[in-house]
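Single-letter residue listing:
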Amino acid sequence: MRHTATRDVSLFDRFARLYELGMPAADADRLEAGLAFGTGPFERVLDVGGGTGRAARALGDATVIDAAQGMLTEARASGLDAVQGDAGRLPVRTGSVDAVIIVDALHHFPDAAAAIEDAARVLRAGGVLVVREFDPGTWRGRGLVRMEHLVGFDSTFYTADDLAGLMADAGLVTFHPERGFAYTVAGVKRGD
Ligand SMILES: C[S@@+](CC[C@H](N)C(=O)[O-])C[C@H]1O[C@@H](n2cnc3c(N)ncnc32)[C@H](O)[C@@H]1O
């Protein structure tokens, strides 16, 4: 299968070994708070754009799906299950997972709407998608946008409301547990 070889993915692939240097752990409390909007148990969790597995490790366990082989190598080295795949075409059966998390990654995907739609597809009824992102409308967000573009990323950032709109378009019921520079939006798949 071919994978998305965007400029962002190539950069993460090349610098995977350095990625976590100086980086704080992912915020487990905020991820758990997002998951709580769904109906547990959450046994099968996908960390899409999961990179080296920072968020998967914060939750205890999750399968990392990422397009950059170098990031997957690092995730596997820390004991995680890690699969190469494109966020817009997940190599996962429809309705087969309890939760999907996307942490600090959506702005690197070339097609965020396709990623949200495919996350909604793979969730079972009552399952939840939790996205943690950065708001480009805040002053820190504007700085981050400039910095990422200077480094060479093609990042596209979304406000919490725009992201909630993408989730609603994908048929999810949306919740905003947290706003600000770093925000969380959760989307729950309706029952049948
Ligand atoms: C900033 S890192 C975030 C990694 C991890 N979620 C974390 O919180 O540390 C963004 C990740 O998104 C991945 N990525 C970018 N485009 C992708 C795509 N189309 N499909 C899957 N992963 C992608 C990159 O390879 C990279 O590992």
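The following refers to the structure shown. (Residues numbered from 1 in each chain as written. Predicted model: local features only at pLDDT ≥ 70, side-chain atom pairs only at ≥ 80, totals over all residues.)

1. So, the sheet that holds strand β1 (residues 45–48)
Taken together, the 7 strands give an open sheet; going across it, the order is β3-β2-β1-β4-β5-β7-β6, and neighbouring strands pair in mixed fashion. The open sheet is flanked by β3 (82–84) and β6 (172–178), the only strands paired with a single partner. Strand-to-strand twist in this sheet, taken as the mean axis angle between neighbours without regard to direction, amounts to 20°. Note that strand β4 (residues 97–103) and strand β5 (residues 123–134) share 6 bridges and pair parallel. The residue of β5 that forms the bridge with Val103 is Arg132. Here helix α5 (residues 112–122) sits on the sheet and contacts β1, β4, β5, β6 and β7 (182–189); the angle it forms with β5, its principal contact strand, is near 150°. (Pairing = 2+ DSSP bridges. Helix = DSSP H or I, 4+ residues; strand = E, 2+ residues; numbered from the N terminus. Axes fitted to C-alpha atoms, helices over the stretch in contact; angles between N-to-C directions. Contact = placed C-beta atoms within 7 Å.)

2. Notes on the site of the ligand
Close to the ligand lie 23 residues; Gly49, Gly51, Arg54, Ala68 and Ala87 are nearest. Sorting elements by how many residues they give to the shell around the ligand places helix α1 (residues 7–14) first, with 3 residues. (Near = placed C-beta within 6 Å.)

3. Quick look at unusual backbone geometry
Gly40 connects to Pro41 through a cis peptide bond whose omega is 0°. Tracing the backbone through its elements, the reader meets Pro41 in the loop between α2 (28–35) and β1. Phi at Asp104 takes a positive value of approximately 55°, unusual for a residue other than glycine. For Asp104, the location among the structural elements is in the loop between β4 and α5. On the basis of neighbour counts, which here come to 17 C-beta atoms within 10 Å, the residue Asp104 falls in the partly exposed class. (Buried ≥ 20, exposed ≤ 12 C-beta atoms within 10 Å, placed from the backbone.)

4. Section: the packing of α1 against helix α4 (residues 69–77)
Axis separation between α1 and α4 bottoms out at 6 Å; the angle between their running directions is 45°. By the angle between their directions, the pair α1 and α4 is classed as oblique. Residue-level inspection shows Phe12, Asp13 and Arg14 of α1 in contact with α4, the latter providing Gln69, Gly70 and Met71. In the contact of α1 with α4, the residues fall into 2 nonpolar, 2 polar and 2 charged. (Parallel < 35°, antiparallel > 145°, perpendicular 65-115°, else oblique. Nonpolar A, V, L, I, M, F, W, Y, C, P; charged D, E, K, R; others polar.)

5. Some remarks on the nonpolar core
In this structure, Val48, Val100, Ile101, Ala119, Leu129, Val130 and Met167 are the most contacted members of the largest nonpolar core, which totals 57 residues. Val48 has contacts with Ile65, Ala87, Leu90, Val100, Ile102, Ala115 and Ala119, leaving out every residue within four places of it along the chain. (Core = buried A, V, L, I, M, F, W, Y, C linked by C-beta atoms within 7 Å.)

6. Some thoughts on the pairing of β1
Side chains Val45 and Asp47 project from β1 onto one buried face, and the interleaved Leu46 and Val48 project onto a second face that is buried too. In terms of strand pairing, β1 meets strand β2 (residues 63–66) through 3 bridges, oriented parallel. Bridge pairing links Leu46 to Thr63 in β2. Each parallel crossover has a hand, and the one from β1 via helix α3 (residues 54–59) to β2 is right-handed. (Right-handed = clockwise from strand over helix to strand, strands pointing away.)

These values are about where atoms sit, not about what they do.
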